[in-house]
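Chain and residue survey
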Amino acid sequence: MVEATEERRSAVYDVEEYAVHDEPYYLPIGDEVQLFETAYAQRIPVLLKGPTGAGKTRFVEYMAYKLGRPITRVAPGTGEKSEHRMPLITVACHEDLTASDLVGRYLLDTDGTRWIDGPLTRAVKAGAICYLDEVVEARKDTTVLIHPLTDYRRLLPIEKLGQVIEADDGFLLVISYNPGYQSALKDLKHSTRQRFIAIEFDYPPREQEAEIVAHESGCTRETAMDLARLGEKVRNLREHGLGEGVSTRLLVYAGRLIANGVGARRACQVAVTWSLTDDQEVQRSIEEVVTSIFE
Amino acid sequence: MSIVTDLVARNHERLSGFPAPLEQQFEEGLRALSSRFSPNQLQSWAETGVELTSLSLRSWEAALEYFRAGVNLPSNATWDSMEALGRESLTMAADSAPLAVAFLRSSPAAIQAIGPSHVRQWADLGRRLYKGNWKSSSLAAQFYDAGASVFGVLRIGQAARLVLFIDELARHSYELASACLASSPDVLARLEEDDRLPFLTFAVELAQSSWADSRLYFERGAPLLQKVHAPLRERFLLLSAQVARGHNRSAFQFFEEAAAALGQLEPDDHHQIIELAEQLAPYSPYAAMDFIANVPTVLDRVRVDELEPWHAAGLRILQGSHDGGEAYFRLQSTRGEDILETLSARVELSRIGEILRLYCKALTGQNVSIQSTEALAEKGIGWIDEHRASTEGTTIFLPEVMERYPQKDENFASYKVFATHQAAHIEFGSFDFLFERPGNLLGNSRSRLVTADDASAVTNMERFFDLFPERQLAADLYTIAEDARIDGAVKREYGGIRRALRRMQRAELDRRGDVTKLPLRQAFVENLLRASLDGADAVKWPKSRPDSNVVAESLGMLEVLAREEALVEDTAEATIRLYQAAIAIPNVPAEMPETDWDSVESQEPGQALPMDSSGDMGGEGNQMQLGDVGEGEQDYESPEQVDFRGDFKPELVELLMKLKQDAMRGDAGQQSPVPLTPEQLAELLEKSVEIDLDALMEGDLDASTGMFMQNLMKEAGQQASEAQKGQPTSDSSTGEDAGEEPLQPIVTVYYYDEWDFRAQDYKPRWCAVKESKLEQGEENFYENALHEHAGLVSQTRKQFELMKPEMFRKLKRLADGEDIDIDSAIEWMVEKRAGASPNEKIYWRRNKIERDVAVAFLIDMSASTDEEINKREKKYDDDDYDDDPRKYLSWWVSKRRQELTAPPKRIIDLEKESTVLLMTALETIGDQYGIYGFSGYGRDNVEFFVIKDFDETLDQPIKKRLDKIAPIRSTRMGPAIRHATHKLNLTDAKVKILFLLSDGRPQDHGYGRDRTEKEYAIHDTKQALNEAKREGITPFALTVDRAGHDYLKTMCEDMGYEVVADIESLPSRLPQLYRRLTE
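Before going into details, it helps to say that this report is about the structure given with it.

Re the overall build of chain A
On a plain count of helices and strands, chain A comes out with 11 helices and 13 strands. Out of the 295 residues in chain A, the part that is buried amounts to 50%. Within chain A, contacts between residues at least 6 apart in sequence are counted, and of these 68% link residues at least 24 apart. Accessible surface, chain A: about 14,300 Å² in total, of which carbon and sulfur atoms supply 47%.

Below, the structure is given as structure tokens:
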């Protein structure tokens, strides 16, 4: 079950029922939107590569909305209008995520066991976009499921039921992967990665990032520009005491704090400096960059 | 008959037996005294003299001197003094005639000096030195002989102190005592009268505690004491004496250092310092003296008024713990360092360099390093100023310390302004000038300008400056314009330091001289500089001059450069315009009163100074030339440089970059398309105004140019190789130059604190750990070791392979999991049917335990590991053969034979072999591991050898390095452990292990109070292990020292350790232990 919060009202959906209703804000940096559209039309699975907070998830949501938008169905007879939305099932992968977490498992019932479909199975049946976030984190046995789904077969074998499910026409597998924390263990196998086209994400250039930050946080254009500048400078420290550069997301957070009355330096301290690193020296260095940019 | 002849006649009989002069002298004495003393007194005098002759074989000589003293008796002498003299001589001569002789011989002079009433006291002083043997007698005699000169500098009462000192020395060495006595009149004469007694007081204490230093004290003490403010010398000496009283052997050293320190300070401050020291003395005189000795060092960092808080904090520590307080005032305590740091407003580059480095890296996006300006000047590559910030494109050079403001954060802010300006040069492309590229705002008029020889220029900057007949003026204008552009960019991009920058600019403006006193062209340049500092109000120009619009537009030109679009090429364009404006202004004094100068408002350029490069610029057609200096003008002088902007040398930086590129191409085997010839370089250097060869090096110009070029080449080569270092090169070890010269091992130095358990505090940056790769030895060692222990190897491998499958374990009875566990499910069903509440945990899951271990092996390479193992054992076996010599002989023969075929094994050999075995085991299991050896001598030289680093794979060079593990020197474990901890922390493994393999207790020169002390070393090692533990590392110590239990118990209180008594079992034991440790 996925819970969506919207203007303080909580709504409950079944996973395959959930679709993105309002257009998410997304500022295209290159041709990624066209690429994704084409890939979807051809049902080519997509791998989104890039550092954390660069907008991968947002992009998938945006694309799900965009791909689902034009279809409005009018039910025959009643004349009732219902909009078709592209369902989006997102699974955040973690290191204990196993194949059965994706496919489904037996649950105990009063008189025996009952089979419950996992999110991947539901997506395959419903023709949804299934987005496996940070797929390298999951256990290796999950890749066994991914492979037949991502080539011409588009099949999901369910071992425990002795079934094979043909994917609904709308189904597409999208995975994301962060090459930042590459270690020998956490690398995507070639047999897996060569089943996807890869769209690279990086932090947007200063101007665009400022626009995003301004839009998302509601801070002034000048503040957004300064934040983007800060982002650029801090990212220069990547591989240097810092595993990853500051994400656009963090800059947006900082912008929101500033827009709501927190002092700029303080906002950057809590949203950027402290969340990035525990190393005191690096913290101090970032702090100095902050104090250079913000008064 | 006179009384004289009567007495002579009466005593003739007694005296005639002695050599003639005696009687003669007797008579002379009588005659001399007859007028001063009464007949009775004379008679008594004569009797005393005669009695003297009879006391011993040679006492007549004393009598002779007695009579002679009568002749020479000073006028102030009374009968009483004469009588005392006689009485003392009699007792003295009874013991030692020569002593009495010396006493009497110098008595006239002495009585003159000390007055007639002190004869007895004087005699007593000498007598105190006399111990009944001839050495003491001659010393005492020497004292009497020195009499007059001693009393020239000391009063009789004070002389007692001298005698006490000499006496004390004489207990140890008569030679030294005699030498000091001989020099004392001179030494004391050099002191002021009031200082003499305290000087001797300390001498006495010194003689008692470390008598050998007395000679030094007598030689150097007096001039040292002069360094102390006169009224305080006594108190200072008393403090010194207190140190000596504590039986401290280095009392003189304390004295010397403290006196030297006071010599560096203002005499007016001495009072306060001595007073503060006296407050410490009751707790520890050493702390008091160290305090004085270190005041200059402390005052380098804090202001005078901060000295007291620093002292007070130390006093509190001292009251709590003597050792802690003493370490504090010795400046060997981390707490002390921290307090000093808090008090001090000064900021040191060494402390904040790393922060600034990351800061500059963030700003520029390049791997800039930070170094001190002194380092730049030392390179001899064109920068001569040791204090001005600068950059050569890859490194930012900043002054070593910053203390221009009374607050620490203000000083740090200054550093930041300095660093930001230099970083901005890199960030905003000051060194990316291309001659052909047009400016964004001002176009390109350069290409239409002609110079004499266009083609010879090697760099873009050189070609540009070649355009100008007056090169210095052009360089100055270019610097101002570029700095205006850079400061503009900094202000625009970095709003946060605007305030600090503004403040520095203001300070700079206030500092500058009077513009109205300058000749006009210089005043023009100075005005531009002021404007670039945002000092429009400081710009002054004569009202009456017709060219004030030119000035106004020139100021406007600088504002154009501060715009966002401005490029370095725009700076160049602006420089051309400004040059033309400047050259039109004659460099003559204005000779106008200040009131005739007015401020100038800046104006948008366009009229006098064209914005557009295509416009008319005073030249004809496509070709034009820049003007030169007119006749009858003053020589142009550059404006004073701006402090925070530092040295800007674009021409040199570009040259250096070009050389670097050439060097890199050379390394890569390519030829530079246009390599620089030495002639080109020499020409460039000669032309450039950025380099002052005379100032750079002494000697003739040709030689210094050569030297300079060498330095430049070297620097460029180094930078090139550093730039390439990051990229792995396949042929790094077999490269061409490897054969030419032996590869110097690269030594990296790390500093670590050391724990002083007495002071309960760290000694800051106490040990220097020098890390280097171990040399490579024979490669077959590794294979041989494997071969020798073939059985063990396969056994170990098997054991370790067995560890692997355990990584996947099926966990049952979980609330959630991969699938339902049938057994639990049935149970659940049964319970449910039976009506009991079933256990809901019926799932199972494969638990993946990733083995994520990093281990650092630290091998003791101390000299003691050289010991042969057989020898050790022989000690225990000897007894068996004692009874039967034949048995012993046959044992010995077989042993010899064995030794010839296989040399005896040493501890280190077994350590090595065990390491090899363990490495194969580790390779099997796939743990990350590093192997390090350590040794060294003293705290400055802890050698840390890398045999295998964590990120290295086990290949040929490493196998070769293993062979070179050999006994070297001492064992300073603490720093080695700290460095290994540091290495472990760099890995990202979940389990980190530090494995220490040693053969004995830690010991090293200076690792403890003296050679025999063990506690200090053990405590430091323990502390280092504790630190490792705090970092989440599991330390484990293994020793082959049978006596290891004693100290390992203390050292590894609650950590694992093992003593391997049977060293032969080490190769099999080590992998076992490791397995146990990580399972």
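Here we look at the overall build of chain B
Along chain B, the regular secondary structure elements total 43 helices and 18 strands. By the burial criterion, 53% of the 1079 residues in chain B qualify as buried. Excluding contacts between residues fewer than 6 apart, the proportion of contacts in chain B whose partners are at least 24 apart in sequence is 74%. Split by element, the accessible area of chain B, about 48,500 Å² in all, is 47% carbon and sulfur.

So, the sheet that holds strand β18 (residues 1056-1059) of chain B
Residue and element names in this part refer to chain B. In spatial order, the strands read β8-β9-β15-β14-β13-β16-β17-β18; together these 8 strands make up an open sheet with mixed pairing. Two strands in the sheet have a free side with no partner beyond their single neighbour: β8 (748-756) and β18. Pairwise comparison of adjacent strand axes, ignoring direction, gives a mean angle of 25 degrees for this sheet. Sheet topology places strand β13 (residues 853-860) next to strand β14 (residues 928-936); 7 bridges connect them, and they run parallel. Bridge pairing in β14 places Ala856 opposite Gly930. Contacts from helix α42 (residues 1044-1051) reach β17 (1033-1039) and β18, with the element oriented near 175 degrees to β18. Running over the sheet, helix α43 (residues 1066-1078) touches β13, β16 (991-998), β17 and β18 and is turned about 155 degrees from β16.

Observations concerning the packing of helix α11 (residues 280-293) of chain A against helix α20 (residues 349-364) of chain B
Across the interface, α11 of chain A lies against α20 of chain B with an axial gap of 8 Å and an inter-helix angle of 50 degrees. Between α11 of chain A and α20 of chain B, the interaxial angle falls into the category oblique. For the element pair α11 of chain A and α20 of chain B, the recorded crossing hand is right-handed. Mapping the contact onto sequence places Glu281, Val282, Arg284, Ser285, Glu288, Val289 and Ser292 of chain A in α11 of chain A and Glu354, Ile355, Leu358, Tyr359, Ala362 and Leu363 of chain B in α20 of chain B.

Brief notes about the environment of Glu354 of chain B
All names here are of chain B. Residue placement: Glu354 occurs in helix α20. Glu354 sits 15 residues away from Ser369 along the chain, and the two C-alpha atoms are 8.8 Å apart. Within the structure, the side chain of Glu354 is placed 2.8 Å from the side chain of Arg357, a separation counted as a polar contact.

What about the interface of chain A and chain B?
Facing the 33 residues of chain A at the interface are 38 residues of chain B. Linking Arg206 of chain A and Glu493 of chain B is a salt bridge whose minimum nitrogen-to-oxygen distance equals 3.3 Å. Applying the counting rule to chain A against chain B returns 19 residue pairs in polar contact (both at pLDDT 80 or more). Among the elements of the structure, β7 (104-109), β8 (112-117), α8 (221-235) and α11 of chain A are those that each provide at least two residues to the side of chain A that touches chain B. For the side of chain A that touches chain B, the residue count by class is 9 nonpolar, 10 polar and 14 charged.

Side note on the packing of aromatic side chains
One pass over the structure, following the stated rule, counts 49 aromatic pairs over all chains. With centroids separated by 5.1 Å and ring planes inclined at 80 degrees, the aromatic side chains of Phe464 of chain B and Phe468 of chain B adopt a geometry described as edge-to-face. Relative accessible area serves as the criterion here: at 0%, Phe464 of chain B is assigned to the buried category. A relative accessible area of 4% places Phe468 of chain B in the buried class. Among the aromatic residues, those joined into a ring-pair cluster are Phe165, Phe199, Phe202, Tyr217, Phe218, Phe236, Phe252 and Phe255 of chain B. Directly above the aromatic system of Tyr203 of chain A lies the positively charged group of Arg235 of chain A, at a separation of 3.9 Å from the ring centroid. Taking NZ or CZ as reference, Arg765 of chain B lies 4.5 Å from the ring centre of Tyr751 of chain B, over its face.

Side note on helix α27 (residues 548-561) of chain B
Residue and element names in this part refer to chain B. Helix length check: α27, at 14 residues, gives a terminal C-alpha distance of 20 Å against a target of 20 Å (1.5 Å per residue), a fit within 8%. Here α27 has its buried residues at Val550, Val551, Ala552, Glu553, Ser554, Leu555, Gly556, Met557, Leu558, Val560 and Leu561. The inward-facing, buried residues of α27 abut α24 (471-493), α26 (520-532), β6 (541-542) and α28 (568-583).

Here's the deal with α26 of chain B
One full turn of an α-helix is made of 3.6 residues, so residues set three or four places apart face in the same direction. Residues and elements named next belong to chain B. Here α26 contains 13 residues, and its C-alpha end-to-end distance of 18 Å stays within 8% of the 18 Å for a straight helix at 1.5 Å per residue. Counting buried positions over the 13 residues of α26 gives 12, a clear majority of the element. Among all positions of α26, only Leu520, Arg521, Gln522, Ala523, Phe524, Val525, Glu526, Asn527, Leu528, Leu529, Arg530 and Ser532 are buried. Those residues of α26 that are buried lie in contact with α24, α25 (498-511), β6, α27, α28 and β7 (597-598). Phi turns positive, to about 70 degrees, at Asp534, one or two residues after α26.

Observations regarding the sheet that holds strand β3 (residues 46-49) of chain A
All names here are of chain A. Taken in spatial order, the 5 strands line up as β6-β9-β12-β3-β13 in an open sheet, and their pairing is parallel. The open sheet has two edge strands, β6 (88-92) and β13 (197-200), and neither has a second partner. Averaged over all neighbouring strand pairs, the angle between strand axes comes to 20 degrees, with direction disregarded. Here strand β9 (residues 129-133) runs beside strand β12 (residues 172-177); their pairing, made up of 4 bridges, is parallel. Considered in β12, the bridge of Tyr131 is made with Val174. The strands touched by helix α2 (residues 56-68) within the sheet are β3, β6, β9, β12 and β13, with β9 carrying the most contacts at an inclination of about 180 degrees.

Describing the pairing of strand β9 (residues 761-773) of chain B
Residue and element names in this part refer to chain B. Burial analysis of β9 places 10 of its 13 residues in the buried class, the great majority of the element. Taken together, the 8 bridges between β8 and β9 define a ladder with antiparallel strand orientation. From the neighbouring strand, Trp755 faces β9, where its bridge partner is Tyr762. Linking β8 to β9, which pair antiparallel, is a turn of 4 residues; within it Gln760 sits at a positive phi near 55 degrees. Of the strand pairs in this sheet, β9 and strand β15 (residues 942-948) are connected by 5 bridges, and their pairing is parallel. Directly across from Lys773, in β15, lies its bridge partner Val946.

Cut-off values and rules
- Residues numbered from 1 in each chain as written.
- Chains lettered and ligands numbered in written order.
- Predicted model: local features only at pLDDT ≥ 70, side-chain atom pairs only at ≥ 80, totals over all residues.
- Heavy atoms only, no water.
- Helix = DSSP H or I, 4+ residues; strand = E, 2+ residues; numbered from the N terminus.
- Buried < 20%, exposed > 50% of the residue type's maximum accessible area, 1.4 Å probe, protein only.
- Contact = heavy atoms within 4.5 Å.
- Areas by Shrake-Rupley, 256 points an atom, 1.4 Å probe, with all protein chains shown as cover.
- Pairing = 2+ DSSP bridges.
- Axes fitted to C-alpha atoms, helices over the stretch in contact; angles between N-to-C directions.
- Parallel < 35°, antiparallel > 145°, perpendicular 65-115°, else oblique.
- Left-handed = near helix turned anticlockwise from the far one by under 90°.
- Polar contact = N/O pair within 3.5 Å; in protein donor to acceptor, adjacent residues only side chain to side chain.
- Salt bridge = Lys/Arg side-chain N within 4 Å of Asp/Glu carboxyl O.
- Nonpolar A, V, L, I, M, F, W, Y, C, P; charged D, E, K, R; others polar.
- Phe/Tyr/Trp six-rings, centres within 6.5 Å; stacked < 30°, edge-to-face > 60°.
- Lys NZ or Arg CZ within 6 Å of the ring centre and 35° of its normal.
- Expected span 1.5 Å × (residues − 1).

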